[in-house]
Amino acid sequence: MSNLSSPDMALEAIPLSSTDRCQWRCSAEGCGHQWPARLQFRTRTVKPSGCPECWKRRNRAPGPGESLADLNPALARQFRRNLSRPNRGPDTLRPQSHDLCVWECAQGHFWPARLANRTNGRDCSDCTGHGRSPFECNVAMLVQAACGLDVELDHRLRLPGRRQDRFDLYLPEPALLIDLDPEWTHNRPGSLERDTAKTAAAIAAGLDVERIRSRGLPPVPVPGQLHHEAGPGVNPEGWAEAVGAVLRGRGLSWRQLTPAEVTAALTRGAQLWQKAVAGPEVSAVDVAPHLEEEFIANLTNPGKAPDRMPPGCNDVCLWRCGKPECGYEWKAVLHSRALAGRGCSRCGHARVGAANSRPGPGESLAEVNPTMAEELIEIVGHPGWTAFDLLPTSNKACQWRCSEPHCRFEYPAPPNRRTGQSSGCPRCARRRTVTGRVRPKPGRSLQDVHPALADELVEVIDEPNLTAKELRPSSAKVCRWACSKTGCPGRWDATPDQRSRRGGTGKRCPLCHPPRRSRTQP
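Since this is a predicted model, take the numbers as computed values, not measurements.

Parameters at a glance
- Residues numbered from 1 in each chain as written.
- Predicted model: local features only at pLDDT ≥ 70, side-chain atom pairs only at ≥ 80, totals over all residues.
- Heavy atoms only, no water.
- Helix = DSSP H or I, 4+ residues; strand = E, 2+ residues; numbered from the N terminus.
- Contact = heavy atoms within 4.5 Å.
- Axes fitted to C-alpha atoms, helices over the stretch in contact; angles between N-to-C directions.
- Parallel < 35°, antiparallel > 145°, perpendicular 65-115°, else oblique.
- Left-handed = near helix turned anticlockwise from the far one by under 90°.
- Patch = residues over 30% accessible without salt bridge, like charges linked within 9 Å, V, L, I, M, F, W, Y side chains within 5 Å.
- Areas by Shrake-Rupley, 256 points an atom, 1.4 Å probe, with all protein chains shown as cover.
- Salt bridge = Lys/Arg side-chain N within 4 Å of Asp/Glu carboxyl O.
- Lys, Arg positive; Asp, Glu negative; His and termini not counted.
- Charge placed at Lys NZ, Arg CZ, Asp CG, Glu CD.
- Buried < 20%, exposed > 50% of the residue type's maximum accessible area, 1.4 Å probe, protein only.
- Expected span 1.5 Å × (residues − 1).
- Phe/Tyr/Trp six-rings, centres within 6.5 Å; stacked < 30°, edge-to-face > 60°.
- Pairing = 2+ DSSP bridges.
- Polar contact = N/O pair within 3.5 Å; in protein donor to acceptor, adjacent residues only side chain to side chain.

Regarding the environment of Val-222
Consideration 1: Along the chain, Val-222 falls in the loop between strand E10 (208-214) and strand E11 (228-230).
Consideration 2: For Val-222 and Ala-197, which are 25 residues apart along the polypeptide, the C-alpha to C-alpha distance reads 8.8 Å.
Consideration 3: Discounting residues that sit within four places of it in the chain, Val-222 has contacts with Thr-196, Thr-199, Ala-200 and Ile-203.

Considerations on the packing of helix H6 (residues 134-147) against helix H9 (residues 236-249)
Consideration 1: Taken N-terminus to C-terminus, the directions of H6 and H9 make an angle of 45 degrees; their axes are 9 Å apart at the nearest point. Here H6 is positioned oblique relative to H9, judged by the angle of their axes. For the crossing formed where H6 meets H9, the hand is right-handed. In contact with Phe-135, Asn-138, Val-139, Leu-142, Val-143 and Cys-147 of H6, H9 contributes Pro-236, Glu-237, Trp-239, Ala-240, Val-243 and Leu-247.

Things to note about a positive patch on the surface
Consideration 1: Residues Arg-427, Arg-430, Arg-431 and Arg-432 make up a contiguous surface patch of positive charge.
Consideration 2: Considering the arrangement of structural elements, one finds Arg-431 in helix H18 (residues 426-438).
Consideration 3: Judged by its relative accessible area of 37%, Arg-431 is partly exposed.

Examining helix H8 (residues 191-204)
Consideration 1: Across its 14 residues, H8 extends 20 Å between first and last C-alpha, which sits within 8% of the 20 Å expected from 1.5 Å per residue.
Consideration 2: Where H8 is buried, its residues touch strand E8 (164-171), strand E9 (176-181), helix H7 (183-186) and E10.
Consideration 3: Two residues or fewer after H8 comes Gly-206, characterised by a positive phi angle close to 85 degrees.

Points about the packing of aromatic side chains
Consideration 1: Enumeration according to the criterion identifies five aromatic pairs in this entry.
Consideration 2: Here Phe-295 and Trp-319 contribute two aromatic rings whose centre-to-centre distance is 5.8 Å and whose plane-to-plane angle is 75 degrees, an arrangement assigned as edge-to-face. Taken together, the positions of Phe-295 in strand E12 (residues 295-298) and Trp-319 in strand E13 (residues 316-320) put the pair 24 residues apart, joining distant regions of the chain. Here Phe-295 and Trp-319 have matching classes, each one buried.

Notes on the pattern of salt bridges
Consideration 1: Overall, the coordinates contain 26 salt bridges when judged by the stated rule.
Consideration 2: Between Asp-181 and Arg-211 there is a salt bridge, with its nearest N and O atoms 2.9 Å apart. Of this pair, Asp-181 sits in strand E9 while Arg-211 is found in strand E10, placing the two residues 30 residues apart along the sequence.
Consideration 3: Residue Asp-448 is joined to Lys-469 by a salt bridge in which the shortest nitrogen-to-oxygen separation is 2.8 Å. Note that Asp-448 is positioned in helix H19 (residues 446-449) and Lys-469 in the loop between strand E18 (457-460) and strand E19 (479-482), a separation of 21 residues in sequence.
Consideration 4: On the basis of relative accessibility, which here comes to 32%, the residue Asp-448 falls in the partly exposed class.
Consideration 5: Here the residues in one salt-bridge network are Asp-179, Asp-181, Asp-195, Lys-198, Arg-211 and Arg-213, joined through shared partners.

Some thoughts on the sheet that holds strand E6 (residues 110-114)
Consideration 1: Read from one edge to the other, the open sheet built from three strands follows the order E4-E5-E6, with strand pairing classed as antiparallel. One side of each edge strand has no neighbouring strand; the edge strands of this open sheet are strand E4 (79-82) and E6. For this sheet the average axis-to-axis angle between neighbouring strands, irrespective of direction, equals 30 degrees.
Consideration 2: Pairing of strand E5 (residues 100-104) with E6, which is carried by five bridges, proceeds in the antiparallel orientation. Residue pairing across strands places Trp-103 opposite Trp-111, the latter belonging to E6.

A closer look at the environment of Trp-492
Consideration 1: The topology assignment puts Trp-492 in strand E20 (residues 491-494).
Consideration 2: Judged by relative accessible area, which is 8%, Trp-492 ranks as buried.
Consideration 3: Leave out the neighbours within four places in its chain, and Trp-492 touches Glu-456, Cys-479, Arg-480, Trp-481, Ala-482, Cys-483, Arg-499, Lys-507, Arg-508, Cys-509 and Pro-510.
Consideration 4: At 3.1 Å, the side chain of Trp-492 forms a polar contact with the backbone oxygen of Lys-507.

As for unusual backbone geometry
Consideration 1: Positive phi values are uncommon outside glycine, yet Asp-154 reaches one of about 55 degrees.
Consideration 2: One can find Asp-154 in strand E7 (residues 152-158).
Consideration 3: For Arg-408, which is not glycine, the phi torsion reads 60 degrees and is therefore positive.
Consideration 4: By the secondary structure assignment, Arg-408 is in the loop between strand E16 (398-401) and strand E17 (410-413).
Consideration 5: Residue Arg-408 is classed as partly exposed on the basis of its relative accessible area of 44%.

Some remarks on a negative patch on the surface
Consideration 1: The grouping of Asp-286, Glu-292, Glu-293 and Asp-307 at the surface amounts to a negative patch.
Consideration 2: Among the secondary structure elements, Asp-307 is positioned in the loop between E12 and E13.

See below:
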């Protein structure tokens, strides 16, 4: 390994969280690949980076029995080509690969999709229930029963110069396209213009198109296009009769259905509709059952729940954390929850924070600073934690007890304040501060400024251990003094401040200097 950012710095001197860019060599047998990467990415506790070549071989290239062709041959038969890596096919792709591939369903529809999404239940969008309705399913089954021809629903074509168009019914044998225009979907602003452009484009492409419009709607103004009416309303039998009139006009067979046959056709129509809108074979709830409890709403397709969506669905949903103490709400794509396993971001941040706050070997407070660890009483909010569970730089609230025998004061503080600011017991700190304030500076003590007064000092009444060298001239401590004159037995109490006034002549011996009598006294 070599440090590209700081070549003269050795690995032992670099902190684990350094952003220095280094050169690495893979230690795996038979690899030896070299690549650049930042040190912090390689040493992080969550998903540390490694050799990219080994990752590709391990996660991309399938082993024996691990390929798409081995595990899902039905899906492999729909594979047509790989857009991401053209040289990879079903034999060399894992089922959860994210390669973009082209697929062909049983109905001949081609579409691009990620292999992982296909593996997780996403199917052909053209074969889903989108674009159909129970009304169209019932009409299709009635027409099929009456004419004996195959009828396809929601037939899609890409006409020249247009995006993909959809036609409600398609009869393959006469190659006839039929659009059903009920009033409730074709009386909106712009509907006539869209129907006209679609019909004109289909006729220009050489297709045979018929439109059956609800009674009361204006005809489509396309030359040569006949106007057929049905309704009013959406009674499937009436619309099927209108389709029958079109087929009879073309010389195709049509017979009147008995009531039993009508009931059977409508039953098949209902079954076709249920199949068209049925949920996937493997839903998101099957893969991750807890999603059903956390689901609130589908923001992309309102009303569609996880049990009706495949695990690889891209719908954005609103979720609520299932933990009673959390209840956080957030937006997330369904596949990120069902496949990637992502959950509540707030709980995730708490877990990551808890994991990052735990010390490694030799990094705990008990090992780095055992003297301070002995003063720890408890870690607030974390019962059972000890000094071995704390980093010296932790910001968790802790309770401490002063180790001084004469103090034993208890106080709260986080470890980082004690280690970063070298703080300790606040009571002892105040005592040291007061003591420092009353002590004189060098050369400013009572002994230095007034040596004559210092000779008369007997003791400090409240603190007998103090001397004149440890007293300020302005001190307010009450002291006992003895007169320095030979033969004078005078003793009196006064503060150094009282004695040092007027150049050291304040409050002198009361025997040698008796107080003056007041003029008002007799």
